[in-house]
Amino acid sequence: MMNKTTKKLRAQDSGNSEKETQTPKPSIRNPKSILVTGGAGFIGSEFVRQAVKKNSRVVVIDKLTYAGDLERIKGATEKVTFYKADITNKEFIEHIFEKEKPDVVVHFAAESHVDRSIIDAAPFIKTNIEGTQVLLDAAKRLWLSKEGFGMKDLGFRVKDLGVEDSGDMDKSNQKPIFINIATDEVYGELGVNGQFYETTPLNPNSPYSVSKTSADMLGRAYFRTFGLPVITLRPSNNYGYWQYPEKLIPVVILKALNNEKIPVYGKGENIREWLYVADCVEAILSVIEKGKPGEIYNIGSGFEKKNIDVVKSILRILNKSEDLITFVKDRPGHDFRYSLNTDKINNEIGWCAKTDFETGMEMTVKWYLDNMDWVNKKLDYLRRYWEVVYSSI
Ligand SMILES: NC(=O)c1ccc[n+]([C@@H]2O[C@H](COP(=O)([O-])OP(=O)(O)OC[C@H]3O[C@@H](n4cnc5c(N)ncnc54)[C@H](O)[C@@H]3O)[C@@H](O)[C@H]2O)c1
């Protein structure tokens, strides 16, 4: 396994040497109206908060499932147009695209929790695959169709979309783009060594990751088949403020605060690459500005941690005993390790994760301590859910 220091240095080295021969490309896209699906979710809401600060016009579509919560964007609502809508509802989604005419779509909406996909895969197939297809079709109709409502109004022609670089900077900053948020889980798992590159063959293992892989591939098919300007992003595990407390880090914080047993799958040896959510969103915003249609970019931090070490670092911050840790039956099909190579986004986009794991984790724990009212509202629902998932505690 590559340790974080080695990987970060390596990424910076290759970034620097690359810069000597190739200056970073100038900003090529300046969005007028960004449509965000899943904008009331964990990462989507961080995107909305940051985009609003940049004065972008933001339209949010969210079904507000158990995982969605408008409280996450309450500070931004004046600048956001919100639609409570299911992305699988073709007529309504087309209506929204027609009315709002976004020039950027950032597609986060998904069923996002692997454990839930093991209990019931059906909503994952419906939302993640069918929902993505509905959105791609709506964008295709808006941006590409002759009788469509968008291209003429927006002043684009198909050949201006940037599928082939025209080199015309005046036009190119208006180019629309569909950002398809995938995941590192599309690649499957690694052993102790190696990394996933954007070219690594996809080999997903859980119903969640299979549904995300299908959505990822659909986006690329729409680029290849229709010339729809799609960029695919594959981030690693995010953590930070406002994460729904069913995912590892908030579960540990919450259980530790209540002096409850902390469930850890297997022996806690599985390794994930932890990316601070604000950094992930900065990467997405940078790709909107500078990314090329048809491209795939990994978004990782280089901070690889065993699950057990993540748990221990939270316990340390909270000054709680490691005796709270309880090993539970491993998740079926549990991927051992993910690790992303990020040379491409470092060199071509000029983005690199800023927040080291310890700092990010301290800020995250503090946020949960300061926002227990929000977390406690989720507790009744969560306790019923935990009974099903961690039944062996
Ligand atoms: N959280 C991570 O660590 C991580 C890592 C890599 C990739 N991703 C991907 O990033 C995206 C966002 O993840 P997240 O952690 O913020 O998820 P999340 O579960 O916190 O949020 C998902 C949002 O989508 C909404 N939604 C669900 N089904 C919908 C539907 N049918 N129509 C409209 N809205 C719907 C929910 O209400 C919620 O607001 C997902 O696509 C996920 O697969 C997440």
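Going by the structure above, here's the rest.
Because the structure is predicted, anything quoted here is derived from the model rather than measured.

1. Here's the deal with the site of the ligand
Phase 1: Taken together, 30 residues lie near the ligand, and Gly38, Gly41, Phe42, Gly68 and Ala110 sit nearest.
Phase 2: When contributions to the shell around the ligand are tallied by element, the ones reaching two or more residues are helix 2 (42–53), strand 2 (57–62), helix 5 (122–144) and strand 7 (237–239).
Phase 3: The element that contributes the greatest number of residues to the shell around the ligand is helix 2, accounting for 3 residues.
Phase 4: Here the shell around the ligand is composed, by residue class, of 13 nonpolar, 12 polar and 5 charged.

2. Quick notes on unusual backbone geometry
Phase 1: A positive phi angle, near 70°, is found at Asn55, a position not held by glycine.
Phase 2: With respect to the helices and strands, the residue Asn55 is situated in the loop between helix 2 and strand 2.
Phase 3: Of note, the phi angle at Asn259 is positive, near 55°, even though the residue is not glycine.
Phase 4: By the element assignment, Asn259 lies in the loop between helix 9 (248–257) and strand 8 (262–265).
Phase 5: The exposed category is assigned to Asn259, around which 10 C-beta atoms lie within 10 Å.

3. Overview of the sheet that holds strand 9 (residues 271–276)
Phase 1: Pairing is mixed across the open sheet formed by 3 strands, whose spatial order is 7-9-11. The open sheet has two edge strands with one neighbour each: strand 7 and strand 11 (304–306). Across the sheet, the axes of successive neighbouring strands diverge by a mean angle of 50°, strand direction being ignored.
Phase 2: Against the sheet, helix 11 (residues 307–318) engages strand 9 and strand 11, with an angle of about 85° to strand 11.

4. A closer look at the sheet that holds strand 2
Sheets are built from strands paired through backbone hydrogen bonds, the pairs being either parallel or antiparallel.
Phase 1: The strand order 3-2-1-4-5-6-10 describes an open sheet built from 7 strands, whose pairing is parallel. The outermost strands of the open sheet, each flanked by one partner alone, are strand 3 (80–84) and strand 10 (296–299). Averaged over all adjacent pairs, the angle separating strand axes in this sheet is 20°, with direction ignored.
Phase 2: Here 5 bridges tie strand 1 (residues 33–37) to strand 2, and the two strands are oriented parallel to one another. Each bridged residue has a counterpart across the sheet, and for Leu35 the counterpart in strand 2 is Val59.
Phase 3: Along the sheet, helix 8 (residues 207–226) makes contact with strand 5 (177–181) and strand 6 (230–235), crossing strand 6 at roughly 155°.

5. Remarks on the environment of Asp216
Phase 1: Turning to its location among the elements, Asp216 is positioned in helix 8.
Phase 2: Residue Asp216 is classed as buried on the basis of its 25 C-beta neighbours within 10 Å.
Phase 3: Counting along the chain gives 16 residues from Asp216 to Thr232, while the straight-line C-alpha distance between them is 6.7 Å.
Phase 4: Those residues in contact with Asp216, other than ones at most four positions away along the chain, are Asn180, Ala182, Val186 and Thr232.

Rules behind the numbers
Residues numbered from 1 in each chain as written. Predicted model: local features only at pLDDT ≥ 70, side-chain atom pairs only at ≥ 80, totals over all residues. Near = placed C-beta within 6 Å. Helix = DSSP H or I, 4+ residues; strand = E, 2+ residues; numbered from the N terminus. Nonpolar A, V, L, I, M, F, W, Y, C, P; charged D, E, K, R; others polar. Buried ≥ 20, exposed ≤ 12 C-beta atoms within 10 Å, placed from the backbone. Pairing = 2+ DSSP bridges. Axes fitted to C-alpha atoms, helices over the stretch in contact; angles between N-to-C directions. Contact = placed C-beta atoms within 7 Å.

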